[in-house]
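Structural overview
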Amino acid sequence: MQFDSISDFFNMGGYAFYVWLAYGVTFFCLSTLIITSARQKRKVLIEIAKKMDREERLKETRSTKS
């Protein structure tokens, strides 16, 4: 689809509200998904690091008691 001017492009042949709303909702959903996934990944990695430290401390205390 070819547009004669930039205003025709933004108007989208009279369907601008629906087209730009769809882009907006899609962008919002994808952004939310990316941010949520990044936060969840960070939490999981922190929990894994804590568990590894805890296991290391347990091994050290067990080896010093023996």
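As named in an unreviewed UniProt entry, the chain is Heme exporter protein D, taken from Shewanella decolorationis. Here the chain is described in UniProt, under the heading Function (unreviewed entry), as follows: "Required for the export of heme to the periplasm for the biogenesis of c-type cytochromes." As recorded by UniProt, the Subcellular location (unreviewed entry) comment attached to the chain reads in full: "Cell inner membrane".

**A closer look at the UniProt feature "transmembrane region" (unreviewed entry) in the chain**
UniProt's feature table lists "transmembrane region" (unreviewed entry) at residues 15-35, given in the numbering used throughout. When the span residues 15-35 is considered, its composition is 95% helix and 0% strand, and the gap between its end C-alpha atoms is 30 Å.

**Thoughts on a negative patch on the surface**
Taken together, the side chains of Asp53, Glu55, Glu56 and Glu60 present a region of like negative charge at the surface. Along the chain, Glu55 falls in helix H2 (residues 16-65). By relative accessible area, which is 49% here, Glu55 ends up partly exposed.

What counts, and at which threshold
Residues numbered from 1 in each chain as written. Predicted model: local features only at pLDDT ≥ 70, side-chain atom pairs only at ≥ 80, totals over all residues. Heavy atoms only, no water. UniProt positions renumbered as here; feature names shortened; annotations may be inferred. Helix = DSSP H or I, 4+ residues; strand = E, 2+ residues; numbered from the N terminus. Patch = residues over 30% accessible without salt bridge, like charges linked within 9 Å, V, L, I, M, F, W, Y side chains within 5 Å. Areas by Shrake-Rupley, 256 points an atom, 1.4 Å probe, with all protein chains shown as cover. Salt bridge = Lys/Arg side-chain N within 4 Å of Asp/Glu carboxyl O. Lys, Arg positive; Asp, Glu negative; His and termini not counted. Charge placed at Lys NZ, Arg CZ, Asp CG, Glu CD. Buried < 20%, exposed > 50% of the residue type's maximum accessible area, 1.4 Å probe, protein only.

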